[in-house]
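# Structure at a glance
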Amino acid sequence: MADRTSSKDVIHNGEFGNDALDLIEITGVIKWFDVAKGFGFIVPDNGMQDVLLHVTCLRRDGYQTVLEGARVVALIQKRDRGYQAFRILSMDQSTAVHPSQLPPVRTHVQVTPTSGLERVLVKWFNRTKGFGFLTRGEGTEDIFVHMETLRRFGLTELRPGQVVLCRFGDGEKGLMAAEIHPDGPTPTTRSH
């Protein structure tokens with residue numbers, strides 16, 4: 001991909017309304033993207049400040065999500081709080097890193113698994129609070145699950161009653177999920 005950051009395009013097109021938009025074409029790499037929050041950042045190759053990438057821009061251009069390390073060519077525009085992606089022209093996911101391949105996050109939510117991969121039921125999960133609990137059934141100890149664990153394994157949310165596969169271990173306050181996977185296809189992995 002050639003770096004064409006010096007080109008400045010002014011688009012006069014019915015698709016963008018009657019207002020002229022000053023757009024700059026850049027190439028760069030995805031620094032991070034959080035599906036749950038709906039945004040992330042592009043690091044431009046030319047040394048400019050990071051560029052905000054909103055999920056609405058991705059979806060409008062036909063992408064559901066993007067992984068860290070993916071290369072993009074984008075049209076960006078200056079906004080009040082910095083640069084923001086306006087259009088994704090192309091994306092190369094071959095350099096992307098899946099969240100499960102990232103180095104361990106240095107947080108208190110990491111635990112070493114002591115169980116095998118077990119089928120468990122989501123008791124409840126609150127995305128706003130960033131955690132929830134899983135159960136192996138009546139009379140068993142609940143398993144704490146943190147949002148960071150979901151993100152590490154490419155999940156965006158859990159629903160009460162959903163069945164998932166989980167490895168867990170002993171945390172400071174009880175059992176904690178160390179690894180979590182969908183039990184078959186889920187609505188969060190299908191495109192509409």
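The text that follows walks through the structure, step by step, so that each part is easy to find. (Residues numbered from 1 in each chain as written. Predicted model: local features only at pLDDT ≥ 70, side-chain atom pairs only at ≥ 80, totals over all residues. Heavy atoms only, no water.)

### Here we look at the environment of Ile 42
- When you line up the elements, Ile 42 lands in strand 3 (residues 39–44).
- A sequence separation of 30 residues divides Ile 42 from Val 72, and the C-alpha atoms of the two residues are 8.2 Å apart.
- Those residues in contact with Ile 42, other than ones at most four positions away along the chain, are Ile 26, Gly 28, Val 29, Ile 30, Lys 31, Asp 50, Val 51, Leu 53, Val 72, Ala 74 and Ala 85. (Helix = DSSP H or I, 4+ residues; strand = E, 2+ residues; numbered from the N terminus. Contact = heavy atoms within 4.5 Å.)

### A word on the pattern of salt bridges
- A complete count under the given rule lists seven salt bridges for this structure.
- Ionic pairing is found between Arg 71 and Asp 45, a salt bridge with its closest N-O pair at 2.5 Å. On the criterion of sequence distance, the pair formed by Arg 71 in strand 5 (residues 71–79) and Asp 45 in the loop between strand 3 and strand 4 (51–54) is long-range, its members being 26 residues apart.
- The partner of Arg 167 in a salt bridge is Glu 179, with the nearest N and O atoms 2.7 Å apart. Taken together, the positions of Arg 167 in strand 10 (residues 163–171) and Glu 179 in strand 11 (residues 174–182) put the pair 12 residues apart, joining distant regions of the chain.
- Residue Glu 179 is classed as buried on the basis of its relative accessible area, which comes to 18%. (Salt bridge = Lys/Arg side-chain N within 4 Å of Asp/Glu carboxyl O. Buried < 20%, exposed > 50% of the residue type's maximum accessible area, 1.4 Å probe, protein only.)

### Here we look at the side chain of Thr 27
- In this structure, Thr 27 sits in strand 2 (residues 21–34).
- Overall, Thr 27 belongs to the buried group, its relative accessible area being 0%.
- Among the polar contacts listed, one links the side chain of Thr 27 to the side chain of Asp 45, at a separation of 2.7 Å. (Polar contact = N/O pair within 3.5 Å; in protein donor to acceptor, adjacent residues only side chain to side chain.)

### So, the pairing of strand 10
- Sheet topology places strand 7 (residues 118–126) next to strand 10; four bridges connect them, and they run antiparallel. Within strand 10, the residue paired with Leu 121 across the bridge is Val 163.
- Where strand 10 and strand 11 come together, eight bridges link them in antiparallel fashion. Following the sheet pairing, Leu 165 is matched in strand 11 by His 181.
- Linking strand 10 to strand 11, which pair antiparallel, is a turn of two residues. (Pairing = 2+ DSSP bridges.)

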